[in-house]
Amino acid sequence: RAGYRRIGVVRGNPHVSTAVTRTEAFKATVAASRRARLVLDETGVVGYAAGREMIGAALRERGSRPDAIFCSSDLTALG
């Protein structure tokens, strides 16, 4: 609803059930919108430093650069 069209998803451990559930629900919502699409889907990004490094690299990319990023962890999002 906010107008974002190129969405990124970043999550940590793929075996943590709460992160998996949260991320899969978010991805389903993006798909159901029919307006937005996932341009970034990263797993294994845990913590402040890893989040900062990975998202910094994603934002330096040309082309399908995300205009919004969903993180399954607050600490990773702060990074």
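It should be noted that the structure appears before, not after, this text.
Cut-offs applied
- For every chain, the first residue of its written sequence is number 1, and the numbers climb from 1 along that sequence.
- In keeping with the model being predicted, local features are shown solely for residues with a pLDDT of at least 70 and side-chain atom pairs are shown and tallied solely at 80 or more, while totals for entire chains, interfaces and linings include all residues.
- Only hydrogens and water are removed before side-chain values are computed, so all heavy atoms of the structure are retained for them.
- Only runs of H or I of at least four residues qualify as helices and only runs of E of at least two qualify as strands under DSSP, and these elements are numbered from the N terminus.
- Working definition: with a 1.4 Å probe on protein chains only, accessible area under 20% of the residue-type maximum means buried, over 50% means exposed, and in between means partly exposed.
- Here a polar contact is recorded for every N or O atom pair within 3.5 Å, except that within protein the pair must consist of a potential hydrogen donor and a potential acceptor, and residues adjacent in sequence are included only if both atoms are side-chain atoms.
- The criterion for strand pairing is that DSSP finds at least two bridges linking the strands in question.
- Interaxial angles span 0 to 180 degrees and are taken between N-to-C directions of axes, which are lines fitted to C-alpha atoms, for helices over the stretch in contact.
- Here, two residues are considered to be in contact whenever any of their heavy atoms come within 4.5 Å of each other.

Participant: What should I look at first to understand the side chain of Lys 27 in this one?
Facilitator: Summarising the element assignment, Lys 27 is placed in helix α1 (residues 17-33). Exposure remark for Lys 27: the relative accessible area of 19% places this residue in the buried category.

Participant: I keep staring at the environment of Ser 73 and nothing clicks. Help me out?
Facilitator: Its place among the elements puts Ser 73 in the loop between β3 (68-71) and α3 (74-78). The spatial distance from the C-alpha of Ser 73 to the C-alpha of His 15 is 14 Å, given a sequence separation of 58 residues. A distance of 3.3 Å separates a polar side-chain atom of Ser 73 from the backbone nitrogen of Leu 75. Polar side-chain contacts of Ser 73 include one of 3.3 Å to the backbone nitrogen of Thr 76.

Participant: Help me understand the sheet that holds strand β1 (residues 6-11) in this model?
Facilitator: Whenever strands of a sheet pair, they do so through backbone hydrogen bonds, lying parallel or antiparallel. With parallel pairing, three strands are arranged side by side in an open sheet as β2-β1-β3. Where the open sheet ends on each side, the last strands, each with one partner, are β2 (37-43) and β3. Ignoring strand direction, the axes of neighbouring strands in this sheet form an average angle of 20 degrees. Here β1 pairs with β3 via four bridges, running parallel. Opposite Val 9, over in β3, you have Phe 70 as the bridge partner. Against the sheet, α1 touches β1, β2 and β3, its axis set at about 170 degrees to β1. Where helix α2 (residues 48-60) meets the sheet, it contacts β1, β2 and β3, and its direction lies at approximately 150 degrees from that of β2.

Participant: Help me understand unusual backbone geometry, please; the structure alone is not making it clear to me.
Facilitator: Peptide bonds are trans in most cases, and residues, glycine excluded, mostly fall at negative phi. One non-glycine residue, Arg 34, lies in the positive phi region at around 60 degrees. Relative to the assigned elements, Arg 34 resides in the loop between α1 and β2.

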